[in-house]
Amino acid sequence: MNIKEIMNLGFDELVGEFTNATGISANTLAKNLNVSSPLISQLRKGVYKDVTGIEDKARTYIKKELEKLEIKEYEHKKIPFKFIGSASGKIKTSVDKGKIVLLRGDSGAGKTTLLKSFAKAYPNHIFIQAYKGMKKSELIGLISQSKEKSLTNIIPRVRGKILILDEANKLSGGTLEWLRSLHDKSKMAMIWAGTYEDINDVLYKQPELNRRCRKVYLRNLEDRELEVLVKSFEFKNSDEYVKLLKQHFKGQMGLCVECLKELKDLVLQYGDKADNVGNFKEIIELME
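Residues numbered from 1 in each chain as written. Predicted model: local features only at pLDDT ≥ 70, side-chain atom pairs only at ≥ 80, totals over all residues. Heavy atoms only, no water.

Moving on, we get to the overall build of the protein chain. Check the secondary structure of the protein chain and you find 16 helices and seven strands. For the protein chain, the spread of C-alpha atoms along the principal axes amounts to about 65 × 55 × 30 Å. Burial analysis of the protein chain (288 residues in total) assigns 47% to the buried set. Taking all contacts inside the protein chain whose residues are at least 6 apart in sequence as the whole, residues at least 24 apart take part in 71%. Counting every atom, the protein chain has about 14,900 Å² of accessible surface; 48% of that belongs to carbon and sulfur. Of the charged side chains in the protein chain, 50 are positive and 39 negative, and the gap between their average positions amounts to 7 Å. (Helix = DSSP H or I, 4+ residues; strand = E, 2+ residues; numbered from the N terminus. Buried < 20%, exposed > 50% of the residue type's maximum accessible area, 1.4 Å probe, protein only. Contact = heavy atoms within 4.5 Å. Areas by Shrake-Rupley, 256 points an atom, 1.4 Å probe, with all protein chains shown as cover. Lys, Arg positive; Asp, Glu negative; His and termini not counted. Charge placed at Lys NZ, Arg CZ, Asp CG, Glu CD.)

Okay, the pairing of strand β3 (residues 100-105) next. Counting buried positions along β3 gives six out of six residues, so the element sits mostly inside the fold. Residues Ile-100, Leu-102 and Arg-104 line one face of β3 and the alternating positions Val-101, Leu-103 and Gly-105 line the opposite face, and both faces are buried. Bridge analysis of β3 against strand β7 (residues 214-217) gives four bridges, and the strand direction is parallel. Pairing of Val-101 across the sheet is with Arg-214, part of β7. (Pairing = 2+ DSSP bridges.)

This part is about the packing of helix α15 (residues 253-270) against helix α16 (residues 277-287). One can describe the packing of α15 onto α16 by two numbers: an axis separation of 10 Å at closest approach and a directional angle of 135°. By the angle class used here, α15 and α16 are oblique. Where α15 crosses over α16, the handedness of that crossing is right-handed. Between α15, through Leu-255, Glu-258, Cys-259, Leu-260, Glu-262, Leu-263 and Leu-266, and α16, the contact on the second element is made entirely by Asn-279, Phe-280, Ile-283, Ile-284 and Met-287. Looking at the contact of α15 with α16 residue by residue, the class counts come to nine nonpolar, one polar and two charged. (Axes fitted to C-alpha atoms, helices over the stretch in contact; angles between N-to-C directions. Parallel < 35°, antiparallel > 145°, perpendicular 65-115°, else oblique. Left-handed = near helix turned anticlockwise from the far one by under 90°. Nonpolar A, V, L, I, M, F, W, Y, C, P; charged D, E, K, R; others polar.)

Our next topic: the pattern of salt bridges. For side chains of opposite charge, pairing can occur when their charged atoms come near one another. Inspection of the entire model under this criterion finds nine salt bridges. With a shortest N-O distance of 3.0 Å, Arg-59 and Glu-55 are connected by a salt bridge. Of this pair, Arg-59 and Glu-55 both sit in helix α5 (residues 54-68), four residues apart, which is roughly one turn of that helix. Classification of Arg-59 as buried rests on a relative accessible area of 17%. Residue classification places Glu-55 among the partly exposed residues on the basis of a relative accessible area of 23%. The shortest N-O distance in the salt bridge between Glu-227 and Lys-246 comes to 3.5 Å. (Salt bridge = Lys/Arg side-chain N within 4 Å of Asp/Glu carboxyl O.)

Bringing a negative patch on the surface into the picture now. Together, Asp-106, Glu-197, Asp-198 and Asp-201 line one region of the surface with negative charge. Mapping Asp-106 onto the fold places it in the loop between β3 and α7 (111-121). Note on Asp-106: relative accessible area 37%, which makes it partly exposed. (Patch = residues over 30% accessible without salt bridge, like charges linked within 9 Å, V, L, I, M, F, W, Y side chains within 5 Å.)

What follows covers a positive patch on the surface. A cluster of basic residues, Lys-97, Lys-99, Lys-187 and Arg-214, forms a positive patch on the protein surface. For Lys-97, a relative accessible area of 60% corresponds to the exposed category.

So, in structure tokens, the structure goes:
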């Protein structure tokens, strides 16, 4: 949903969507409005006689916060935050509570893009890109940043840190179970990302692990969202680039962003003459 659609929701649904999009809880919302949490709760239930316009004030605040998140800086480009706002909000809420979050999505949907944005937001992170056949001992070494193998001795090294694990679906179920044990004993927040079907296949065989993960699905961009994304790069042929990205990638944010980044790099290197449909088609062909 866009901001206009969200703001047209009933107050209870509005607060829920706002929390998902921003990671700001109803309690924090109340604090920022200088009102009590029970009052916000009563407003959501429709049992509070609002004679002082608290709901209107809340709606104004929520709209301003959503608009602030509309555009988020990411390296040398801009990505509209609302594209990934819902997923990002859910991840942030879970990470702040020290949970395990499983980010699922199709290949090219933008999982790695989102993980990198979280890595920038949390300097105390450990970022690991898994690969097929990766041994548990190697993973342990990357996490502990030592030759330590004992879980008891590793725990003090990771307290207060966040594990960001890309391509988690390429690890064995046993290795993921070890990570769960590390999380349980250290309370280390973790974000795992994997392609939808592959990670589901792994977790199907690990029912306890599957139950413990907070699952977040990263959807593809809608047409209007893709248009805003492309135009945020301020290319002169934006309309043509939108058509090409729709045709080839059907809203897969990760692939769309990579193509736009490549063209931006060409423009920075060779000037505006590089901003042309021919170059963009070549970039797309290399990405496919």
